Every structure is written in C-alpha cells, then in structure tokens.
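Here is how the chains run, residue by residue.
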Amino acid sequence: MVFGMEAINIQTIQGDVSLLDSTSLLIDFLLKKYKSEKKQTLQVIEQLSDEDIVWAPTPESNSIANLAAHIWGTVHQRVETAFFNVPDTRDRDKEFDRGLQL
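Residues numbered from 1 in each chain as written. Predicted model: local features only at pLDDT ≥ 70, side-chain atom pairs only at ≥ 80, totals over all residues. Heavy atoms only, no water.

Here we take up the side chain of Ser63. As for its position among the elements, Ser63 is in the loop between helix 2 (50–54) and helix 3 (64–83). Here Asn66 takes part through its side chain, which lies 2.9 Å from a polar atom of the side chain of Ser63. (Helix = DSSP H or I, 4+ residues; strand = E, 2+ residues; numbered from the N terminus. Polar contact = N/O pair within 3.5 Å; in protein donor to acceptor, adjacent residues only side chain to side chain.)

See the structure below:
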C-alpha cells in the first residue's frame, strides 16, 4: 500500500483531483443535504398537533416525540458535534420518557 505523496491524488474522468478537494466537496454536499433534511423534517413535525406528536399505538411503543428526540439526539451526537463543534449535551434516556413533548 502506498502512503506517500502519490496517494494524495485520485484519477477522475476530468483529470486529477486532489483528495482534499474531493473530500471538501463531499463534506460541503453532505452538510447542505443535512441542513435541507433537517429543515424539511421540522416543517413536517410542525404540521402535527400536540396530540399527534405524543400518541403511541401501544403503551410499550414510542411516540413521534420519542422517535424525533431519539433521531435528533443521534444526529446531534454524531454530526453536529463533529462538524459544527457543538458540545455533546445528549441525554439518551430522556429521549424515551413517556409523555415527552417537543
């Protein structure tokens, strides 16, 4: 395996693109996608009534509020802390509290 300078460039149809440029483009794309998905998800949740958000099909099931809090906690912990340098304040157990409100 080559770990020297020759490993920094990758070959594409258009020519040589530095790995750093490719990585930067990928990160920019993924961050824009993340922000877009976050915005759309919040718009959908805002359309739900308070009753809809806390409803669960069975006492053992999670509500939309629980699931949204869990997804948000995971994204916060894995994405925001890494890319946006936000402190990790996740309380995973609280994400599954019954009667959780968003």
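Next up on the list: the pattern of salt bridges. Inspection of every chain in the model, using the stated rule, returns three salt bridges. Among the salt bridges present, the one from Glu37 reaches Lys33, with a minimum N-O distance of 3.0 Å. With a gap of four residues between them, Glu37 and Lys33 both fall in helix 1 (residues 19–46), about one helical turn apart. The exposure class assigned to Glu37 is partly exposed, which follows from its relative accessible area of 35%. (Salt bridge = Lys/Arg side-chain N within 4 Å of Asp/Glu carboxyl O. Buried < 20%, exposed > 50% of the residue type's maximum accessible area, 1.4 Å probe, protein only.)

What follows is about helix 3. Between its first and last C-alpha atoms helix 3 spans 27 Å; for 20 residues at 1.5 Å apiece the expected length is 28 Å, and the two agree. At His76, helix 3 shows its largest kink, close to 40°. Within helix 3, burial applies to Ala65, Asn66, Ala68, Ala69, Gly73, His76 and Glu80. Between the side-chain oxygen of the N-cap and the backbone nitrogen of Ala65 there are 3.3 Å, and the N-cap of helix 3 in question is Ser63. Directly beyond the C-terminal end of helix 3, a positive phi value near 55° is found at Asn85. (Expected span 1.5 Å × (residues − 1). Bend = angle between axes of the 7 residues up to and from the residue.)

The values reported here are purely geometric and, on their own, carry no functional implication.
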